[in-house]
Amino acid sequence: MKITWLGHSAVKIEGTQTIYIDPFLSENPAAAISPEQITKADIVIVTHDHSDHLGDAFPICKKTGATLVGIHEVAVMAESEGITSEGMNIGGTIDVKGVKINMVNALHSCERGNPAGVVIEMDDKTLYHSGDTSLTYDMKLIADFFHPDLSFLPIGDRYTMGVNSAAKAVEFTKTKKVIPIHYGTFPLVNTDPEEFKKRVGDRAEVIILKPGGSYDLQ
Ligand code: NI
Ligand code: MN
């Protein structure tokens, strides 16, 4: 399974299906690609409707025919624009094109519905993308239920966890590998991923990517 960080919270996961999460690209100063470069997508997941997450999700779905997955209120909005959508809510699990998507809690804000994280199960791998969130004790449930092989956790501070709390989130979720996200995009979220790596220590493998960089999850 090939994992690519596209900058900020945007990731691309290529396995049996090609999945994009929070594809904030055209307005993202750190974006590795432009939305125009995306020609294939099966599923686009939006964790919440802040513009740095909803981003180019709708145009990408319209262009590629991908199914949009998001919380009910965001899915309704997508549907009103003619996009094939799967609405869900926190606590639910759905199957989209053979991929299991579990929506989990995130402690944050948004315009429509609630912010969320997702746990994705595809090709015998389990991936957790927390969306924007504070550290919460709910993350211990991620460890109990899912044992993530790899997690995407924000470390940029101010709007989300910073390096200290994200390192604690690694402990709570018992994730085996972690890719830090939501940092370096703007001056307000400039934190040091090496500092995060230091604080995680030997609890998990920290994979620091540059926007556009990929990791092959075995
Ligand atoms: Ni947000
Ligand atoms: Mn954000």
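These remarks concern the structure in this document. (Residues numbered from 1 in each chain as written. Chains lettered and ligands numbered in written order. Predicted model: local features only at pLDDT ≥ 70, side-chain atom pairs only at ≥ 80, totals over all residues. Heavy atoms only, no water.)

Section: the coordination of the nickel ion (ligand 1)
Protein-derived coordination of the nickel ion (ligand 1) comes from His48 (NE2), His50 (ND1), His108 (NE2) and Asp132 (OD), at a distance range of 2.2 to 2.3 Å. For the nickel ion (ligand 1), the four donor atoms in the first shell make angles of 90 to 171° at the metal, so the coordination geometry reads as irregular. The sequence pattern describing where the donors of the nickel ion (ligand 1) fall on their chain is H-x1-H-x57-H-x23-D. Given a relative accessible area of 24%, His108 falls into the partly exposed group. (Donors = N, O, S within 2.8 Å, 3.2 Å for Na, K, Ca; no water. Tetrahedral: all angles 85-135°; square planar, octahedral: opposite > 155°, others 65-115°. Buried < 20%, exposed > 50% of the residue type's maximum accessible area, 1.4 Å probe, protein only.)

Concerning the pattern of salt bridges
For the coordinates displayed, the defined rule picks out 10 salt bridges. Between Glu81 and Lys62 there is a salt bridge, and its shortest N-O distance comes to 2.7 Å. Of the two residues, Glu81 sits in the loop between helix 3 (72-79) and strand 6 (85-88) while Lys62 sits in helix 2 (residues 57-64), which places them 19 residues apart along the sequence. Here Glu81 falls in the partly exposed class, since its relative accessible area comes to 39%. With its nearest N and O atoms 3.5 Å apart, the salt bridge here joins Asp149 to Lys176. (Salt bridge = Lys/Arg side-chain N within 4 Å of Asp/Glu carboxyl O. Helix = DSSP H or I, 4+ residues; strand = E, 2+ residues; numbered from the N terminus.)

Some thoughts on the layout of surface pockets
When its volume is computed, the largest pocket comes out at roughly 240 Å³. Lining the largest pocket are 16 residues, and of these Val104, Asn105, Leu141, Ile142 and Phe146 sit closest to its centre. Every element with two or more residues in the lining of the largest pocket is listed here: strand 8 (99-105) and helix 4 (139-146). The dominant element in the lining of the largest pocket, judged by the number of residues it contributes, is helix 4, at five residues. (1 Å grid on protein atoms, 1.4 Å probe; cavity = no way out; pocket = protein on both sides within 12 Å on 5 of 7 lines; lining within 4 Å. Points joined across faces, edges and corners; volume = space filled by probe spheres on them.)

Comments concerning a nonpolar patch on the surface
Residues Tyr159, Phe186 and Leu188 make up a contiguous nonpolar surface patch of about 290 Å² in total accessible area. By secondary structure assignment, the location of Leu188 is in the loop between strand 12 (177-181) and helix 6 (193-200). (Patch = residues over 30% accessible without salt bridge, like charges linked within 9 Å, V, L, I, M, F, W, Y side chains within 5 Å. Areas by Shrake-Rupley, 256 points an atom, 1.4 Å probe, with all protein chains shown as cover.)

Some remarks on the sheet that holds strand 9 (residues 116-122)
Spatially, 7-8-9-10-11-12-13 is the arrangement adopted by the seven strands of the open sheet, whose pairing is mixed. Across the chains shown, the open sheet's two edge strands, defined by having one partner strand only, are strand 7 (93-96) and strand 13 (205-206). When strand 9 meets strand 10 (residues 125-129), the two strands line up antiparallel, connected through five bridges. Within strand 10, the position partnered with Met122 by the bridge is Lys125. Packing of helix 5 (residues 163-173) onto the sheet brings it into contact with strand 10, strand 11 (150-154) and strand 12, and relative to strand 11 it is tilted by some 150°. (Pairing = 2+ DSSP bridges. Contact = heavy atoms within 4.5 Å. Axes fitted to C-alpha atoms, helices over the stretch in contact; angles between N-to-C directions.)

Digging into the nonpolar core
If you look at the biggest cluster of nonpolar residues, it comprises 70 residues, and the most contacted ones within it are Ile3, Ile13, Ile19, Ile45, Leu68, Ile101 and Phe196. Among all residues touching Ile19, those that are not within four sequence positions of it are Val11, Lys12, Ile13, Ile43, Ile45, Val99, Ile120 and Met122. (Core = buried A, V, L, I, M, F, W, Y, C linked by side-chain atoms within 4.5 Å.)

A closer look at helix 2
Looking only at helix 2, the buried set comprises Ala57, Phe58, Ile60 and Cys61. Here the buried residues of helix 2 occupy an arc of 165° about the axis, which is enough to place them on one side. Turning to helix 2, the residues buried within the fold contact strand 4 (43-45), helix 1 (51-54), strand 5 (67-71) and helix 3. (Arc of directions from axis to C-beta.)

Notes on the packing of aromatic side chains
The geometry of an aromatic ring pair is captured by two quantities: the separation of the ring centres and the angle between the planes. Tallied over the full model, the rule gives four aromatic pairs. Seen from their ring centres, Phe24 and Phe186 are 6.5 Å apart, and the 45° between their planes marks the pair as tilted. Separated by 162 residues along the polypeptide, Phe24 in the loop between strand 3 (18-21) and strand 4 and Phe186 in the loop between strand 12 and helix 6 bring together distant segments of the chain. A relative accessible area of 31% places Phe186 in the partly exposed class. (Phe/Tyr/Trp six-rings, centres within 6.5 Å; stacked < 30°, edge-to-face > 60°.)

That is the geometry; function is a separate question.
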